[in-house]
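Observations on the model geometry
The chain contents come next:
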Amino acid sequence: MDKLLIGFTALRPGQLPASHDVTLSVAPGEGQALLDPNEPPTLGTITRGRLVIASESFPRFAPLTFTLTGADLCFTVRRRRLLSFAVRDRDEDFLRLHCSSLWKAAYLHRLFLPFKKRVVVTRVNLAAGGCGAASLDFGPPDVECRSALQIDVLQGEIGVSPDFAKGLKGLVQDGKVELRRDAQGELKLQMHGARMEWELARGVLVGLRVHDSRGTVANLSVLDHSGAGVGTTVSVLDTLA
């Protein structure tokens with residue numbers, strides 16, 4: 001699989017239905033997309049299983065490069081904590097995934113903006129040894145304590161909200177950071193040693209996990225609103241021969 005169609009359905013205020021389509025392309029040699037169990041449809045909606053979008057298996061830390069059309073990505077930060085990640089079209093969010101909850105109290109997420117074309121998402125395990133308050137933001141990466149995912153914007157730009165504030169070493173303290181499409185409507189991203197696992201059940205997305213070479217960066221759940229006609233689906237548009 002090298003080209004996927006991601007369909008979003010949502011309810012606007014007044015219970016009015018809305019839909020939006022986004023394409024995700026992974027070119028041969030820049031990454032791989034496969035379904036586990038390995039029963040991908042030739043064309044059409046994926047109904048169940050784990051869709052894996054990852055770096056090439058060899059070499060181990062090869063970059064994953066993919067292109068999005070039809071959407072921007074947005075991170076929201078409050079008081080140095082990454083609260084949510086959203087897929088949006090202009091100012092409207094079609095999917096928002098929350099990074100914090102009562103069930104994930106042992107973890108917190110930080111967002112760094114060290115360079116003009118790079119963001120870094122870091123997950124800190126507060127229950128691990130050696131994760132004192134002084135090391136949460138600036139200590140050396142530790143496989144037991146922290147894992148981080150570096151995202152480089154190859155095509156497109158990074159924008160920030162008016163209330164954006166940044167501290168030492170690029171640590172985002174408040175505001176929104178948005179990865180925006182270019183004038184041609186494309187957003188091309190590259191991640192090193194990355195692996196994304198999309199859990200699909202009954203034809204809709206129910207969970208998303210993101211890993212890098214050090215470990216898990218995010219483990220996010222999507223509430224099932226399919227009974228209300230709302231959800232996120234993934235379809236195969238094109239397959240490799």
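Quick look at the structure, then. (Residues numbered from 1 in each chain as written. Predicted model: local features only at pLDDT ≥ 70, side-chain atom pairs only at ≥ 80, totals over all residues. Heavy atoms only, no water.)

With that out of the way, let us pick up the sheet that holds strand 5 (residues 49-54). On the basis of which strands lie adjacent, the open sheet formed by five strands has the order 3-5-17-18-19 and antiparallel pairing. The open sheet has two edge strands, strand 3 (32-36) and strand 19 (215-221), and neither has a second partner. Sheet twist, expressed as the mean angle between neighbouring strand axes with direction ignored, is 15 degrees. In terms of strand pairing, strand 5 meets strand 17 (residues 195-201) through six bridges, oriented antiparallel. Bridge pairing links V52 to E197 in strand 17. (Pairing = 2+ DSSP bridges. Helix = DSSP H or I, 4+ residues; strand = E, 2+ residues; numbered from the N terminus. Axes fitted to C-alpha atoms, helices over the stretch in contact; angles between N-to-C directions.)

Turning our eyes to something else, we now look at the pattern of salt bridges. On inspection of all chains with the given rule, the structure shows 15 salt bridges. Two residues, E30 and K188, come together in a salt bridge whose shortest N-O distance is 4.0 Å. Taken together, the positions of E30 in the loop between strand 2 (16-25) and strand 3 and K188 in strand 16 (residues 186-192) put the pair 158 residues apart, joining distant regions of the chain. Judged by relative accessible area, which is 22%, K188 ranks as partly exposed. The partner of R90 in a salt bridge is D89, and the shortest N-O contact between them spans 3.4 Å. In this structure R90 comes out as exposed when scored by relative accessible area, which is 61%. Residue D89 is classed as buried on the basis of its relative accessible area, which comes to 14%. (Salt bridge = Lys/Arg side-chain N within 4 Å of Asp/Glu carboxyl O. Buried < 20%, exposed > 50% of the residue type's maximum accessible area, 1.4 Å probe, protein only.)

The next subject is the pairing of strand 16. Pairing analysis gives seven bridges linking strand 6 (residues 63-69) to strand 16, with the strands arranged antiparallel. The residue of strand 16 that forms the bridge with L68 is L187. Examined bridge by bridge, strand 12 (residues 146-155) and strand 16 share four bridges and lie antiparallel to one another. Along strand 16, the bridge assignment pairs Q155 with K188.

Let us look at empty space enclosed by the protein. Considering all chains together, one arrives at one cavity of 30 Å³ or more under this definition. Roughly 480 Å³ of internal volume is contained in the largest cavity. Along its surface, the largest cavity is lined by 30 residues, and L73, F85, M196, L208 and V210 are the ones closest to its centre. Per-class residue counts for the lining of the largest cavity are 28 nonpolar, two polar and no charged. (1 Å grid on protein atoms, 1.4 Å probe; cavity = no way out; pocket = protein on both sides within 12 Å on 5 of 7 lines; lining within 4 Å. Points joined across faces, edges and corners; volume = space filled by probe spheres on them. Nonpolar A, V, L, I, M, F, W, Y, C, P; charged D, E, K, R; others polar.)

Glancing now at the nonpolar core. By size, the foremost hydrophobic cluster in this structure holds 51 residues, and its most contacted members are L51, I53, F66, F75, V119, L179 and W198. The contact partners of V119, leaving out residues within four places of it in the chain, are F75, L111, F112, L113, P114, L149, Q150, I151, I158, V177 and L179. (Core = buried A, V, L, I, M, F, W, Y, C linked by side-chain atoms within 4.5 Å. Contact = heavy atoms within 4.5 Å.)

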